[in-house]
Amino acid sequence: MRTRAAVAVQAGKPLEIMEVNLAGPKAGEVLVEIKATGICHTDEFTLSGADPEGLFPAILGHEGAGVVVEVGPGVTSVKPGDHVIPLYTPECRACPSCLSQKTNLCTAIRGTQGQGLMPDGTSRFSTLDGDPILHYMGCSTFSNYTVLPEIAVAKVREDAPFDKICYIGCGVTTGIGAVINTAKVEIGAKAVVFGLGGIGLNVIQGLRLAGADMIIGVDLNPGKKEMAEKFGMTHFVNPKECENVVQEIVNLTKTPFDKIGGADYSFDCTGNVKVMRDALECTHRGWGQSIIIGVAPAGAEISTRPFQLVTGRVWKGTAFGGARGRTDVPKIVDWYMEGKIEIDSMITHKLSLDEINKGFDLMHAGESIRSVVVY
Ligand code: NAD
Ligand code: AHE
Ligand code: ZN
């Protein structure tokens, strides 16, 4: 079939909207009509050329929601008409990682996914001239129709609006999951969130859900403060307005009884390795945990004095918030539908596919939280 898609032709260039060919689903695959997709900072990261795994030409996008149109041979868990959210972290329930119950990082198809290919080593997308176009993160939601492995779709309830729940495909689950699954934050905790964008705000709402007492937000853009407060941020620190962010946070968290100070938990939602160091070092001696969510450019490395770890601080990372997609994503959709979590106000801009590059401009200007493309 033919479908309209925004194609990343080359790193650093705007996406090009065009008709492309899409081959039908093979065994174990499903054809999905994408109804809406968010634009995550990771799409921008890859498009910019900073992603060591970035390949071109490709169809980016990994934060979508849609409807199953057709299933390939052997597919049993979904059928045409089912509403689904594509999963860049699939859940096969049979690989060593899934069976370990220690990680959400299913390894069943990670090799081919990283090469922009379907599990059989080929691409379903091509130009009208027949040249292959690569998949991205196994999702390619910047195409109106896409093909996904069966293990990479979460079946969700049919009354949930696509233009909101697409955000559960990455940002919402990543932020809330980092708090609940990765850090396992407890009631009364003091936490710091670096970067108050589409991920950071969801960390904040996760912290509120977990019952944190103090939620300190850090961002260079003071325009992010108001929205973060609505989601539960209790204190705001602008690194441009203080001499030392780490000291500022330590001071904020000190009490007459605890004169050492430091956050119980911190979360990097910037992808900046200097920020990651601050995020670790502002946590409490003896038990502080810092969770890296941000993705850093090719060649970037983190550093700290080993003494920071010797004295009990813990550095952790999380992908997709530690969520097991097929199991957890339908539950998060339920939380949204039941009013337990909020999404609507974070979707600051709605665009057509033709306007998709505007979504990247808004992100660069710091004007959007999430832009969502509605097909
Ligand atoms: P975003 O652009 O919406 O937000 C980033 C925020 O960080 C902005 O508000 C910006 O002002 C702030 N910021 C930038 N530099 C800063 C600094 N030095 N100090 C303080 N604040 C700073 O991006 P997003 O969609 O929220 O994504 C955030 C990061 O998370 C990106 O690196 C993205 O690739 C990554 N991410 C990771 C996962 C995962 O599974 N690990 C999932 C989604 C996104
Ligand atoms: N390809 C990059 C790393 C990108 C990355 O870390 N991706 C996250 C999801 S970000 C979603 O917005 C992830 O899931 N990582 C685990 C995985 O298996 O990709 C690089 O540095 O090479
Ligand atoms: Zn993302």
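Within any chain, residue numbers begin from 1 and follow the written order of that chain's sequence. Each chain gets a letter, beginning with A, and each ligand a number, beginning with 1, in the order they are written. Side-chain atom pairs in this predicted model are given and counted only at pLDDT of 80 or more, local residue features only at pLDDT of at least 70, and totals for whole chains, interfaces and linings cover all residues.

The line we're drawing: UniProt positions are given in the numbering used here, feature names are shortened, and annotations may be inferred rather than shown by experiment.
In the annotation of an unreviewed UniProt entry, the protein chain is listed under the name S-(hydroxymethyl)glutathione dehydrogenase and assigned to Albidovulum marisflavi. Regarding the protein chain, the relevant UniProt record gives this comment under Cofactor (unreviewed entry): "Zn(2+)". Here is the UniProt Sequence similarities (unreviewed entry) comment for the protein chain, exactly as written: "Belongs to the zinc-containing alcohol dehydrogenase family. Class-III subfamily."

Brief notes about the environment of T253
Test applied: Secondary structure follows DSSP: runs of H or I at least 4 residues long count as helices, runs of E at least 2 residues long count as strands, and numbering of each begins at the N terminus. Counts of 20 or more other C-beta atoms within 10 Å of a residue's own C-beta define buried residues, counts of 12 or fewer define exposed ones, and intermediate counts define partly exposed ones; C-beta atoms are placed from the backbone. Residues are defined as contacting one another if the C-beta atoms placed from their backbone atoms lie within 7 Å.
Residue placement: T253 occurs in helix 8 (residues 245-253). For T253, a count of 23 C-beta atoms within 10 Å puts it in the buried group. A C-alpha to C-alpha distance of 37 Å links T253 and D361, two positions 108 residues apart in sequence. If near-sequence neighbours (up to four positions away) are discounted, T253 is found in contact with K190, M214, G261, G262 and A263.

Considering the UniProt feature "domain: Alcohol dehydrogenase-like C-terminal" (unreviewed entry) in the protein chain
Residues annotated in UniProt with the feature "domain: Alcohol dehydrogenase-like C-terminal" (unreviewed entry) correspond here to residues 198-335. Taken end to end, residues 198-335 has its terminal C-alpha atoms 18 Å apart, with 37% of it in helix and 14% in strand.

Describing the pairing of strand 5 (residues 83-86)
Our working definition: Whether two strands pair depends on DSSP finding at least two bridges between them.
Alternating positions in strand 5 separate into two faces, H83 and I85 on one and V84 and P86 on the other, with burial throughout. Note: strand 4 (residues 63-71) against strand 5, 2 bridges, orientation antiparallel. Opposite V67, over in strand 5, you have H83 as the bridge partner. Examined bridge by bridge, strand 5 and strand 9 (residues 153-156) share 4 bridges and lie antiparallel to one another. The residue of strand 9 that forms the bridge with V84 is K155.

Regarding helix 8
For clarity, the threshold we go by: The arc in question is the one traced by the directions running from the helix axis out to the C-beta atoms.
Every buried residue of helix 8 is accounted for by V245, E248, I249 and T253. Across the axial projection of helix 8, the buried residues extend over an arc of 125°, all falling on one side. Buried residues in helix 8 make contact with strand 10 (190-194), strand 11 (214-218), strand 12 (235-237) and helix 9 (273-281).

Here we look at the domain arrangement of the protein chain
Reports often express the size of an interface as the amount of accessible area lost when the parts come together. For the record, the criterion: Domain segmentation is taken from an automatic or database assignment of domains. For this scheme, ten residues count as nonpolar: Ala, Val, Leu, Ile, Met, Phe, Trp, Tyr, Cys and Pro. Four count as charged, namely Asp, Glu, Lys and Arg, and the remainder, Gly too, count as polar.
Along its sequence, the protein chain is organised into domain 1 (2-169 + 343-374) and domain 2 (175-318). One C-alpha centre belongs to domain 1, the other to domain 2; they are set 29 Å apart. Between domain 1 and domain 2, the residue contacts involve 11 residues of the former and 9 residues of the latter. Top element by residues in the side of domain 1 that touches domain 2 is helix 1 (residues 41-48). It accounts for 3 residues. Among the residues forming the side of domain 1 that touches domain 2, the class breakdown is 6 nonpolar, 3 polar and 2 charged.

Comments concerning the site of ligand 1
Applicable threshold: Any residue qualifies as near a molecule or strand once its backbone-derived C-beta atom lies within 6 Å of it.
Close contacts around ligand 1 come from 33 residues, with H41, G195, G197, I199 and G271 the closest. When contributions to the shell around ligand 1 are tallied by element, the ones reaching two or more residues are helix 1 and helix 5 (171-183). Take the shell around ligand 1: its biggest share by element is 3 residues, from helix 1. Partitioning the shell around ligand 1 into residue classes produces 16 nonpolar, 15 polar and 2 charged.

Thoughts on the UniProt feature "domain: Alcohol dehydrogenase-like N-terminal" (unreviewed entry) in the protein chain
With numbering aligned to this structure, UniProt lists the feature "domain: Alcohol dehydrogenase-like N-terminal" (unreviewed entry) at residues 27-155. Secondary structure across residues 27-155 divides into 14% helix and 27% strand, with the first and last C-alpha atoms of the span separated by 19 Å.

Structural notes on the sheet that holds strand 7 (residues 132-133)
An order of 1-2-6-7 is seen for the 4 strands of this open sheet, with the pairing classed as antiparallel. Of all the strands in the sheet, just strand 1 (2-7) and strand 7 have a single pairing partner and so form its edges. In this structure, strand 1 lies alongside strand 2 (residues 16-22), joined through 6 bridges in antiparallel fashion. In the strand pairing of strand 2, R2 is matched with N21.

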